[in-house]
Amino acid sequence: MQSKNPDEVLQPIGGILAAIVPGLGYLYYRERGRALAVFLSITGLFTGGLYIGGIQVVDRVDDEWWFVLQALNGPMAFGVDYLHQNHFKTVVERGPDGRDHRRLPLPESAARRPANEPPERTLTKSLSRVHEAGTLYTAMAGMLNLIAVVDCLWHVPPGRRRSETSGRRASDQVSR
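Notes on the structure in this doc start here.

The rules behind the values
In every chain, residue numbers begin from 1 and rise along the written sequence. Where local features are concerned, this predicted model is filtered to residues with pLDDT of at least 70; where side-chain atom pairs are given and counted, the filter is 80 or more; whole-chain, interface and lining totals use all residues. For the side-chain quantities, the full set of heavy atoms in the structure was used; hydrogens and water were omitted. We count a stretch as a helix when DSSP gives it H or I for four or more residues in a row; a strand needs E for two or more, and each element gets its number in order from the N terminus. Type-normalised accessible area, obtained with a 1.4 Å probe on protein chains alone, sets the label of each residue: buried when under 20%, exposed when over 50%, and partly exposed for intermediate values. Any two residues whose heavy atoms approach within 4.5 Å are treated as being in contact. Per-residue and other accessible areas follow the Shrake-Rupley method at a 1.4 Å probe size, with only the shown protein chains counted as cover for residues. Working note: the arc is built from the helix axis to C-beta atom directions. A pairing counts as a salt bridge when a side-chain nitrogen of Lys or Arg comes within 4 Å of a carboxyl oxygen of Asp or Glu.

Some thoughts on the overall build of the chain
The helix and strand inventory of the chain stands at 8 helices and 2 strands. The order of helices and strands in the chain, counted from the N terminus, is α-α-α-α-α-β-β-α-α-α. Each of the 176 residues in the chain was classed as buried or not, and the buried ones make up 34%. Excluding contacts between residues fewer than 6 apart, the proportion of contacts in the chain whose partners are at least 24 apart in sequence is 61%. When the accessible surface of the chain is totalled, it reaches about 11300 Å², and 62% of it is carbon and sulfur.

Describing unusual backbone geometry
Glycine aside, the phi torsion of most residues is negative, and most peptide linkages are trans. At Arg30, a residue that is not glycine, the phi angle is positive and equals roughly 65°. Inspection of the secondary structure puts Arg30 in the loop between α2 (24-28) and α3 (32-53).

Brief notes about helix α1 (residues 12-20)
Within α1 the residues assigned to the buried category are Gly14, Gly15 and Ala18. With its buried residues spanning 100° around the axis, α1 presents them on a single face. Those residues of α1 that are buried are in contact with α2 and α7 (128-153).

A word on the pattern of salt bridges
Applying the stated criterion across every chain yields a total of 4 salt bridges. A salt bridge links Asp151 to Arg34, with the shortest nitrogen-to-oxygen separation between them at 3.1 Å. Residue Asp151 is located in helix α7, and its partner Arg34 is located in helix α3; the two are separated by 117 residues in the primary sequence. Using a relative accessible area of 27% as the deciding quantity, one classes Arg34 as partly exposed. In this structure, Glu132 and Arg129 form a salt bridge, with 2.9 Å as the shortest nitrogen-oxygen distance. On the criterion of helical spacing, the pair formed by Glu132 and Arg129 is a turn pair, its members being 3 residues apart in helix α7. Of the residues examined, Glu132 reaches a relative accessible area of 42% and is grouped as partly exposed. Look at Arg129 and you get exposed, because its relative accessible area is 63%. Members of the salt-bridge network, linked through shared partners, are Glu31, Arg34 and Asp151.

Put into structure tokens, the structure is as follows:
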């Protein structure tokens, strides 16, 4: 039998807010401590992954399956990917001298530099295990945010949860 408790219905506003910024859904429900804990843990895990492996751990072009999990972090993952793709990622081209040259994918940066001169800065992926650890941290942050989004979609106030579960346990013990 399904309960008619009004707290158990789908609440999309909290879920949408939680998907935009980690912890914002809990702030909408006026649970400040929980919102702060979720925000700090998810953004800390995400930025920790960036510190470990560098900005290239978020890459929707080369690591598209990992990016699916990282995208669950919301706009911050898309912002980091935008920075990576448009300002830091380099493209390898074969030069007229037969050697590989790296250049930034921005047309204005390629126009300012002679074709046979490599760029001043290039970004390469970090060492394999370090890159994997950073990618894993950012993906885990996305999965944790998914849990927070689902919890905010079907949010039940913490006081209500305790009273219902204690009531169910007491009735289960009486029926046994």
